[in-house]
There are 2 protein chains.
Amino acid sequence: MTERFQQLRPALLEVLDNDGLLTGSDVAQRSDCWPGREPSRALAVMLPRNTTQVSQLLHLCHAAGQPVVTQGGRTGLVHGTETASDEIILSLERMTAIEDCNPQAATITVQAGVPLQSVQELAEQHGLMFPLDLGSRGSCTIGGNIATNAGGMRVIRYGMTRQQVLGLEVVLADGTVLDSMNRMIKNNAGYDLKQLFIGSEGTLGVITRAVLRLQPLPGSEQNALLAVPSFNALTRLLHSLNRELGGRLSAFEVMWQSHYRTVAVESGKHIPPLPADQPWYVMVEALGSEPLHDAEQFERVLAQMLEQELAVDAVIAQSRAQRDSLWAIREDIPSIVAAMMPPVSFDVSLPIEAMERYVQGVEQALREQFGERGKLLVFGHLGDGNLHLVTSVGDASAETRRAIEQLVYTPLQALGGSVSAEHGIGLEKRDYLQLSRTPEEIALMQLLKRSLDPKGLLNPGKVIA
Amino acid sequence: MTERFQQLRPALLEVLDNDGLLTGSDVAQRSDCWPGREPSRALAVMLPRNTTQVSQLLHLCHAAGQPVVTQGGRTGLVHGTETASDEIILSLERMTAIEDCNPQAATITVQAGVPLQSVQELAEQHGLMFPLDLGSRGSCTIGGNIATNAGGMRVIRYGMTRQQVLGLEVVLADGTVLDSMNRMIKNNAGYDLKQLFIGSEGTLGVITRAVLRLQPLPGSEQNALLAVPSFNALTRLLHSLNRELGGRLSAFEVMWQSHYRTVAVESGKHIPPLPADQPWYVMVEALGSEPLHDAEQFERVLAQMLEQELAVDAVIAQSRAQRDSLWAIREDIPSIVAAMMPPVSFDVSLPIEAMERYVQGVEQALREQFGERGKLLVFGHLGDGNLHLVTSVGDASAETRRAIEQLVYTPLQALGGSVSAEHGIGLEKRDYLQLSRTPEEIALMQLLKRSLDPKGLLNPGKVIA
């Protein structure tokens with residue numbers, strides 16, 4: 001325990017409820033990040049219940065020069081909520097109030113610690129939809145979703161988290177409460193300050209409350225799995241479906257053959273809906289409002305795609321159960337992990353037209369460097385330019401990991417790609433940020449950080465050095 | 001001509017082409033803002049052709065402490081591009097290159113001086129759509145659209161300009177070129193710096209190039225005018241259409257009776273498609289991909305709305321000509337100006353549920369203060385929370401204007417509304433910013449301004465004092 005924290009502790013305890021400050025083994029029992037193998041090294045965990053407490057705590061920490069790491073559901077994948085031994089944790093896990101759901105305005109107002117799934121469910125009870133959806137929906141929090149600008153499956157239609165946020169309340173490094181709880185879609189009264197905090201991974205302020213925009217709840221849903229003979233067909237298929245379905249296309253999730261074969265066939269956990277002999281497979285989802293018409297049109301459009309040889313085979317889900325079993329293939333991460341032990345995973349984005357060659361290049365480089373041990377599975381959100389690569393080369397030592405990172409990240413620079421599509425930078429990708437950002441961009445990020453958090457106390461060392 | 005400019009002039013001339021620097025009467029012939037009645041008072045107009053020149057010019061101005069006002073199409077409505085007599089203008093009117101249109105990626109890359117309409121037309125030639133649309137499409141520029149986060153009719157479906165921007169190139173106050181020309185929908189590699197410049201009205205940097213996102217070109221379009229008996233019916237109509245049309249609803253433009261009566265009936269310029277006896281009228285647009293089905297569904301859904309008494313009468317456009325004549329009523333600003341001479345206009349946003357009472361309150365206050373002379377027309381983008389108010393009280397002196405502004409803006413504060421929905425702040429609304437923004441928000445805006453433009457040389461005095 002540092003001297004600084006010793007001196008600070010009584011004041012923090014005065015702000016928090018009796019059981020609101022965890023220390024010692026209560027901290028070490030927790031983990032900072034997913035999948036939670038390592039105990040947290042932080043000095044303490046603060047558990048405020050409201051914005052006033054957050055403000056008071058940050059004010060105290062600021063005065064004492066105490067670094068603070070904000071944590072939500074701790075489901076991030078880039079060590080963005082990791083702590084060092086001189087840091088304390090500000091966890092929003094007790095700030096779970098849903099303050100208001102206004103169906104007329106199609107908005108919901110929540111504290112930042114509310115799990116994503118609670119927002120989805122409440123919206124649905126009001127005949128509305130919160131379109132953001134992630135595998136970690138039960139654990140991840142709205143505050144974390146916003147702080148990392150989370151993506152997911154339906155970005156192609158509804159955009160990333162940024163697009164779902166109307167208003168924010170943020171506590172700044174010195175404890176100042178910034179109330180930007182706007183509820184309107186249009187508001188050009190000065191700089192749109194909330195944009196600063198969305199996706200800045202807790203380094204510029206602590207998100208405490210939010211106003212979220214809801215969408216009409218779709219009355220129909222169609223799903224299909226398609227087998228696609230070429231990359232050219234794949235991109236044309238995306239555009240044709242997007243056009244022909246008149247805005248209803250809500251997911252276009254591509255699996256490279258290696259991924260489909262590994263999960264659908266070799267895992268033994270699924271009945272393969274299509275043979276694994278084509279180079280690409282796509283899960284397509286469309287959301288609409290007219291069940292009969294939409295199903296008929298979906299079938300007709302897919303028939304056209306087959307006719308135009310943009311796909312060679314297709315399965316349309318005819319029931320909820322069939323829908324779930326098709327999506328289970330795309331979402332079966334455990335089978336990938338099992339097949340690729342020890343897996344080293346990546347989340348990148350790049351222009352669609354460069355994807356085919358990029359993946360070939362990474363595959364070739366893996367083989368050259370690691371021989372037969374070098375394996376690669378690829379899947380992702382093609383319409384968003386977002387690919388997930390899972391590599392396996394036999395070991396996952398820091399050195400090996402570093403070597404694979406070089407293979408995967410370096411070619412992105414020349415392609416105008418990004419080392420992080422939706423996972424963020426955290427600590428894991430910080431050293432690679434310069435591949436996707438110019439020196440001028442990084443200098444501006446540092447300027448913003450210095451301006452908003454001059455003592456460097458909020459989530460220190462994350463995103464930028 | 002100031003001494004500073006005298007000394008700076010030879011260096012500026014060296015950067016610019018021969019005819020690239022206007023001074024004297026060439027400047028006075030120009031106007032800074034729409035509708036262009038007053039001559040510009042600026043010292044000079046710089047007309048660069050590319051980013052390098054913009055960077056060199058700003059570098060020189062920065063070194064000399066010379067204030068610069070960036071201008072695009074000068075169609076803004078809040079004096080956001082107005083100049084003072086010690087300022088020089090940086091006009092991007094010669095930076096009109098369309099550098100790339102990539103149908104596969106659905107992106108277009110342009111210099112900032114390209115008119116909006118050119119982008120719309122080029123997109124359409126490639127079977128795509130740039131959804132932003134404004135009355136000033138022929139004159140306004142993409143750079144100006146981005147700098148003001150322009151809105152328009154289709155925000156309800158496609159979002160504001162912010163949502164159409166994938167990447168930006170910006171020249172900072174000291175001439176640094178910030179290349180953030182991202183092309184992907186997903187890119188979470190550090191802070192999303194472009195968001196800082198979108199909607200900041202040229203006060204934080206000069207937007208020189210952009211990568212824009214395009215949408216599929218709709219294959220069908222339906223339009224209708226509806227007469228609505230109550231405000232409650234109006235909001236229920238919005239939600240029902242949004243749900244029933246399955247995402248196809250792309251405009252929901254409301255006219256209060258006074259507006260509809262003035263334009264459709266009293267102007268004598270239109271054949272009224274519906275009698276002017278209902279309190280509200282709505283222009284509805286839906287965009288889809290299946291002409292036959294969509295028309296049939298549109299008709300069926302509107303029939304339902306009539307049956308549920310959410311509307312009492314409706315005209316569906318049966319031809320392009322009929323569509324145009326319906327929209328001509330909504331877009332006939334000259335008839336409003338003529339009827340309301342001298343008009344004093346407003347652009348505000350507020351929660352939908354507060355709109356009816358807000359308008360009644362403004363109307364009553366106008367009558368109380370100005371008696372029978374006090375007139376009010378209201379129309380706007382209801383789905384976005386955005387209303388346009390046109391008032392007329394007999395004169396439009398600065399003092400009267402001030403009195404009307406108080407009436408219109410003051411009640412917004414308690415409602416969580418905004419003094420600017422889509423027009424921005426400029427000079428016109430600067431004194432009212434504090435009604436829509438907290439002191440902490442304004443302090444943060446000032447901090448950003450000081451950090452990015454410490455000498456205060458970019459569009460001085462606009463947005464924040």
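Residues numbered from 1 in each chain as written. Chains lettered and ligands numbered in written order. Predicted model: local features only at pLDDT ≥ 70, side-chain atom pairs only at ≥ 80, totals over all residues. Heavy atoms only, no water.

**A word on the overall build of chain A**
Secondary structure assignment for chain A yields 17 helices and 18 strands. In terms of overall dimensions, chain A is globule-like: its C-alpha atoms have a radius of gyration of 23 Å, near the 23 Å expected for 465 residues. In terms of principal-axis extent, the alpha carbons of chain A reach across some 70 × 55 × 40 Å. The buried share of chain A, taken over its 465 residues, is 60%. A fraction of 71% describes how many contacts in chain A between residues 6 or more apart in sequence connect residues 24 or more apart. Measuring between centres, the 39 positive side-chain charges of chain A sit 3 Å from its 53 negative side-chain charges. (Helix = DSSP H or I, 4+ residues; strand = E, 2+ residues; numbered from the N terminus. Rg over C-alpha atoms; globule rule 2.2 N^0.38 Å. Buried < 20%, exposed > 50% of the residue type's maximum accessible area, 1.4 Å probe, protein only. Contact = heavy atoms within 4.5 Å. Lys, Arg positive; Asp, Glu negative; His and termini not counted. Charge placed at Lys NZ, Arg CZ, Asp CG, Glu CD.)

**A short note on the packing of helix H17 (residues 439-452) of chain A against helix H17 (residues 439-452) of chain B**
Interhelical geometry of H17(A) versus H17(B) gives an angle of 135° and a closest axis separation of 10 Å. With respect to H17(B), the element H17(A) is oriented oblique. As H17(A) packs across H17(B), the resulting crossing turns out to be right-handed. Of the residues in H17(B), those in contact with Leu444(A), Leu447(A), Leu448(A), Ser451(A) and Leu452(A) of H17(A) are Leu444(B), Leu447(B), Leu448(B), Ser451(B) and Leu452(B). Per-class residue counts for the contact of H17(A) with H17(B) are eight nonpolar, two polar and no charged. (Axes fitted to C-alpha atoms, helices over the stretch in contact; angles between N-to-C directions. Parallel < 35°, antiparallel > 145°, perpendicular 65-115°, else oblique. Left-handed = near helix turned anticlockwise from the far one by under 90°. Nonpolar A, V, L, I, M, F, W, Y, C, P; charged D, E, K, R; others polar.)

**Thoughts on the UniProt feature "domain: FAD-binding PCMH-type" (unreviewed entry) in chain A**
Here the UniProt feature "domain: FAD-binding PCMH-type" (unreviewed entry) sits at residues 37-217 of chain A. In the segment residues 37-217 of chain A, helix accounts for 23% and strand for 24%; the C-alpha atoms at its two ends are 38 Å apart. (UniProt positions renumbered as here; feature names shortened; annotations may be inferred.)

**Regarding the domain arrangement of chain A**
Residue and element names in this part refer to chain A. For chain A, the assigned domains are domain 1 (3-91), domain 2 (98-215), domain 3 (220-334) and domain 4 (340-444). Here domain 2 and domain 3 have C-alpha centroids that lie 30 Å from each other. Taken together, the contact between domain 2 and domain 3 spans six residues of the former and 13 residues of the latter. Carbon and sulfur atoms make up 54% of the area that domain 2 and domain 3 hide from each other, which totals about 750 Å². Together, Met153, Ile156 and Arg157 form the three largest contributors to the area buried by domain 2 at its contact with domain 3, with a combined 74%. If you look at where domain 2 meets domain 3, you find one salt bridge. The residue Glu285 makes a salt bridge to Arg154 at a minimum N-O spacing of 2.8 Å. (Domains from an automatic or database assignment. Buried area = accessible area lost by both parts, 1.4 Å probe. Salt bridge = Lys/Arg side-chain N within 4 Å of Asp/Glu carboxyl O.)

**Things to note about a nonpolar patch on the surface**
Residues and elements named next belong to chain A. On the surface, Ile333, Val337 and Met341 cluster together into a nonpolar patch covering about 250 Å² of accessible area. Counting through the fold element by element, Met341 comes out in the loop between helix H13 (333-339) and strand E16 (344-349). Here Met341 falls in the exposed class, since its relative accessible area comes to 55%. (Patch = residues over 30% accessible without salt bridge, like charges linked within 9 Å, V, L, I, M, F, W, Y side chains within 5 Å. Areas by Shrake-Rupley, 256 points an atom, 1.4 Å probe, with all protein chains shown as cover.)

**Re H17(B)**
Counted at 1.5 Å a residue, the expected span for H17(B) with its 14 residues is 20 Å, and the 20 Å between its end C-alpha atoms agrees. If you follow the buried residues of H17(B), they end up packed against strand E9 (177-180), helix H8 (194-197) and H17 of chain A together with helix H8 (194-197) and helix H16 (433-436) of chain B. (Expected span 1.5 Å × (residues − 1).)

**Concerning unusual backbone geometry**
With glycine set apart, most residues show a phi of negative sign, and most peptide bonds adopt trans. Residue and element names in this part refer to chain A. Backbone torsion omega between Met341 and Pro342 reads -10°, so that peptide bond is classified as cis. Secondary-structure assignment places Pro342 in the loop between H13 and E16. Residues other than glycine seldom take positive phi values, yet Asn459 does so here, at roughly 40°. Along the chain, Asn459 turns up in the segment after H17.

**Focus: the state of the cysteines**
Residues and elements named next belong to chain B. Within the structure shown, the criterion is met by zero disulfides over all chains. In this structure Cys101 is a free cysteine whose sulfur lies 18 Å from that of Cys140, the closest cysteine sulfur available. You can call Cys101 buried: its relative accessible area is 15%. (Disulfide = S-S within 2.5 Å.)

**Some words on the nonpolar core**
Of all hydrophobic cores here, the largest spans 240 residues; its most connected members are Phe197(A), Phe252(A), Phe197(B) and Phe252(B). Among residues more than four places away in sequence, those in contact with Phe197(B) are Leu444(A), Ile146(B), Ala147(B), Leu168(B), Val170(B), Leu172(B), Leu178(B), Leu204(B), Gly205(B), Ile207(B) and Leu452(B). (Core = buried A, V, L, I, M, F, W, Y, C linked by side-chain atoms within 4.5 Å.)

**Let's talk about the pairing of strand E9 (residues 177-180) of chain B**
The side chains of a regular strand alternate between both faces of the sheet. Residues and elements named next belong to chain B. Residues Leu178 and Ser180 line the buried face of E9, whereas the alternating positions Val177 and Asp179 sit on a face that is not buried. Here strand E8 (residues 165-171) pairs with E9 via four bridges, running antiparallel. If you follow Glu169 over to E9, its bridge partner there is Asp179. Where E8 folds back onto E9 in an antiparallel hairpin, the turn is made up of five residues, including Gly175, whose phi is positive at roughly 95°. (Pairing = 2+ DSSP bridges.)

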